[in-house]
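This is what each chain is made of:
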Amino acid sequence: MKVLILSCNTGGGHNSCAKAIGTELLKRGHTYETDDALLYVSKGTSRFVSSWHVRFYRYFPKLYNKGYQYAEEHPASFDESSAACRILRRGCKRLRATILAGGYDAVVCVHLFPALMLTFIQQDSPLRIKTMFIATDYTASPSCDRMRLDTCVIPDIALTDTFVKNGVNPDTIAPLGIPVRAELYACQPNQEAKRAVGLDPSHRHLLMMTGSMGCGPMEEITEVLRGKMGTNDVLSVACSKNETLLKKLTKLSADCPNLRILGQIDDVPKLMQATDVFLTKPGGLSTSEAVAAGLPMVLIDA
C-alpha cells in the first residue's frame, strides 16, 4: 500500500505524528510520502500560516486564545463560504492531481486543513482511495464538523461523545489513540539514560519543553526553579526554535551549573528517558509522548 500523509507546519506535533505513522508503515511493508498540505495552495500561504501561527502563539497567547474560542463558538466561521475554506479550495485541484499521479491507495491527514481539502475533493470529484483524519489533540477542533472522511481516529473512547457533538459521524470514529514514536516505549533504565546524555545518574533531572515553538513562561519558571534547586538537581530547558529565549536563558545560566539550556533537540526520546519530571504544555503530542515514556508531568499554562 502507498500512503500520502498530509500535515501542516503549525507546531511540531502534527509533523511528529506524521513521522510516527510513516515509520510504522515502513515496518509493515508499506510505502509513504509526507507533504505540507498548504503548499498545494501556495508556498506563500504555507509560510504565512506557519510564521503567524508561531508569532501569535508565542507573543500574543491571549489573542490566540480569543481567536480559538471565537472559532469554537461560531462554527459558521469555517463554513464553505468562509475565507478560510475558499483559500483551502484553491489547493484542491493540485492536491487531487498529485494523489492521482502518485498512485496513492490512502491519504492520512494529521491536521484539519488537509482533512477539509480532502473532504472538498471527495465531495466534488471522488477518488477511489481510503481517507483518514487523526486528531492530535484531546478535544474536537473547531470545524471538524465540516470534515467527511472515511475514518476519524480520536485519542480515546471517552472523547467519542465530544466528537459526535461537534458533528463527526459516529460510524467513522475509531478510538485508537495519538501515534507517537516507537522509541518512546523503549524502557532504558533511567540511570543508564542519564549517563548517555552526560548527566550524573545520582542527580534528579527536570526537563522543561513546551513544544517546537518554545512558548509560555519558560524564562519565569527557570528563574523560580534556579533559586529552589539543590546541588543534586538539574534542570534542562529546551528552547526549541525560540532563539531569543535561548540567548536570554544562556545568559541566565552562566553562573548556575545545574541549569542546562538547550536549543533544538534531535533525540527527544533519549532525553525523556533520562528525565525524572517533565514540565510541558498540555499539548496532545507532548502529553502522549510523556505517557508513552512513563514520565511524570507538570503542566504549564502556555
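Residues numbered from 1 in each chain as written. Predicted model: local features only at pLDDT ≥ 70, side-chain atom pairs only at ≥ 80, totals over all residues. Heavy atoms only, no water.

### A look at the packing of helix 9 (residues 218-226) against helix 10 (residues 243-252)
Here's step 1: Their axes nearest at 11 Å, the elements helix 9 and helix 10 cross at an angle of 15 degrees. In terms of their interaxial angle, helix 9 and helix 10 are classed as roughly parallel. For the element pair helix 9 and helix 10, the recorded crossing hand is right-handed. On helix 10, the residues touching Met-218, Glu-219, Thr-222, Glu-223 and Arg-226 of helix 9 are Leu-245, Lys-248, Leu-249 and Leu-252. (Axes fitted to C-alpha atoms, helices over the stretch in contact; angles between N-to-C directions. Helix = DSSP H or I, 4+ residues; strand = E, 2+ residues; numbered from the N terminus. Parallel < 35°, antiparallel > 145°, perpendicular 65-115°, else oblique. Left-handed = near helix turned anticlockwise from the far one by under 90°. Contact = heavy atoms within 4.5 Å.)

### Remarks on the sheet that holds strand 5 (residues 151-154)
Here's step 1: Overall, parallel pairing links the 6 strands, which are arranged 2-1-3-4-5-6 in an open sheet. For this open sheet the edge positions go to strand 2 (31-36) and strand 6 (173-175), each flanked by a neighbour on one side alone. Within this sheet the neighbouring strands show an average axis-to-axis angle of 20 degrees, counted without direction.
Here's step 2: For strand 1 (residues 2-7) and strand 2, the ladder comprises 6 bridges, and the chain directions are parallel. Across the sheet, residue Lys-2 finds its bridge partner in strand 2, namely Thr-31.
Here's step 3: Contacts between helix 1 (residues 12-27) and the sheet are confined to strand 1, strand 2, strand 3 (106-109) and strand 4 (130-134), with strand 1 contributing the most and set at about 170 degrees to the helix. (Pairing = 2+ DSSP bridges.)

### A short note on the pairing of strand 5
Here's step 1: Bridging between strand 4 and strand 5 involves 3 bridges; their strand directions are parallel. Counterpart to Phe-133 in the pairing with strand 5 is Cys-152.
Here's step 2: As defined by bridge partners, strand 5 adjoins strand 6 across 3 bridges and the pair is classed as parallel. Each residue of the ladder has a partner; that of Cys-152, found in strand 6, is Ile-173.
Here's step 3: Crossover strand 5 to strand 6 through helix 7 (residues 160-165) is right-handed. (Right-handed = clockwise from strand over helix to strand, strands pointing away.)

By themselves, these figures tell us nothing about what the structure is for.
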